[in-house]
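An overview of the molecular structure
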Amino acid sequence: MSYSAAMRARLSDIAQQAEVSEATVSRVLNDRPGVAPETRQAVLTALDVLGYERPARLRKRSAGLVGLVVPELDNPIFPAFAQVIESTLAQSGFTPVLCTQTPGGVTEDEYVEMLLDRQVSGIVFVSGLHADTAANHDRYRALIARPLPIVMINGYAPGIAAPFVSCDDGEATELAVAHLVALGHRRIGLITGPDRFVPVQRRVAGFRSAMSRLVGTGEAEVAELAELSLFGVEGGEAAAGRLIERGVTGLVCGSDLMALGAVRAARQRGLTVPGDVSVVGYDDSPLMAFTDPPLTTMRQPVAAMAVAAVRALVDEINGHAAPNSEYLFRPELVVRGSTAVARPAGAGGPQRQRPSSVDPTLAVPA
C-alpha cells in the first residue's frame, strides 16, 4: 500500500471512530482553525483509542515538575495519597516527582535540595516534618521566601504562610470512642504515636474530651488509658498488650497498622476480636476490608484531601494565592467486623459476642 493510501486509510479509521468527516480529521491533525473544541477532542480521543501517535504539535505540553514528598510506602495510606496526587497533577499538566523517605536513607531536606536542582514548580509534603513540633520549620519558610509554592498534608504548623490540608484527627477519635461507648464499652484505650506530632496531640485531646463527656472518666484514669508508641504493627502490638493487661475492652488506634498489631496482641493472650476486645483503626487504607476480622476504622477522605491540596498548589503556581490556612476534612466511621457489643460486666473468660448493631447515621458502610 502506498503512503497516500495508508494515510487515507488512517484518516478513514479516525473519522469513523470520531463520527466526523475525513476533512475534519485532517484539519485537527494539521492544527487548523474552524473545528469546534468538542469535535477536536473527539478526534484526539479517537487517535488515542486506535493507538495512533498524536502529531508533535498536538501533544500536551508539561507545565513543569512538582515534587511529592512522603515519609514511607510501607503504610498503605501513603501510596493511596501518592496515587491520587500524581493523577490529579497529571490532569493539570504537571509531572510528579515522587520522593519516598526510608529509615537511614535520604532525608526530607536532601530530597528538597534534589527537587530544587530540578527546578520544580512546587512541592507537596505529606506527613512531613511540618507535622513534627520538635522540628525546625524555618526550612519551609525558606522555600516560601524563594518563592516556591508548597502545600502540606496532615500536620498544621503555625507561622508558615502556606495552605494546609488535614483530616480532623480530634473528631475522628471522638467518633471512634462514641462508637465503642454505644456498644457498651466503658474501659476504652487509645493507642497512637509519639506526642511530638500534631495529629497525635489532636487525637489525645479528642480522646480526653470523649472519655470525659461520654464515660465520665477522670483525667488521671484517661492518662492511664492512653499509650503512645511507635507507628506500625509492632508499636500497636506492644501498646495494646499493656492496655489489655489493664482491662480495656475497646481500643482506638492511631493507624490501621497499629490496629492490626492490637489484634495480634489480643490473640496472643487467648482473646478474640471482637469477642473479648473491640478494635478501631484509622485511615481505612487499602485491604482493611479483607483482614481477619475486617477492620472497623476511621476513614480519611484521601481523594478529597489530595485533590484539594493539588488545586491549592496549582493556584499558587499560577499566581492565584490560596488562603494560608488549614482545611479540615471530616473523617467517616466505617463499621466492619472488629467491633462488637461489650461482654456483660463480670462475665468470665473469653467468649464470642454478637456482631455490632449500630445506628446507621453513625456509620458509613464499607
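See the structure printed just above.
This section reports on the structure supplied with the text.

**Some details on helix 7 (residues 169–182)**
- With 14 residues, helix 7 should cover 20 Å at 1.5 Å per step; its first-to-last C-alpha distance of 20 Å lies within 8% of that length.
- Among the 14 residues of helix 7, 10 are classified as buried, and the element is accordingly described as predominantly covered.
- Taken together, the buried positions of helix 7 are occupied by Asp169, Gly170, Glu171, Ala172, Thr173, Ala176, Val177, His179, Leu180 and Val181.
- Just downstream of helix 7, Gly184 is the residue with a positive phi angle, here 95°.

**With respect to unusual backbone geometry**
- Note the cis peptide between Arg146 and Pro147, where omega equals 5°.
- With respect to the helices and strands, the residue Pro147 is situated in the loop between helix 6 (138–145) and strand 4 (150–153).
- A cis amide bond links Asp292 with the next residue in sequence, Pro293, at an omega value of -5°.
- By secondary structure assignment, the location of Pro293 is in the loop between strand 9 (278–283) and strand 10 (296–299).
- Even without being glycine, Asp283 reaches a positive phi, approximately 125°.
- Turning to its location among the elements, Asp283 is positioned in strand 9.
- Among the residues examined, Asp283 registers a relative accessible area of 5% and is labelled buried.
- The phi dihedral of Leu287 is positive, around 80°, even though this residue is not glycine.
- Structurally, Leu287 can be placed in the loop between strand 9 and strand 10.

The rules behind the values
Residues numbered from 1 in each chain as written. Predicted model: local features only at pLDDT ≥ 70, side-chain atom pairs only at ≥ 80, totals over all residues. Heavy atoms only, no water. Helix = DSSP H or I, 4+ residues; strand = E, 2+ residues; numbered from the N terminus. Expected span 1.5 Å × (residues − 1). Buried < 20%, exposed > 50% of the residue type's maximum accessible area, 1.4 Å probe, protein only.

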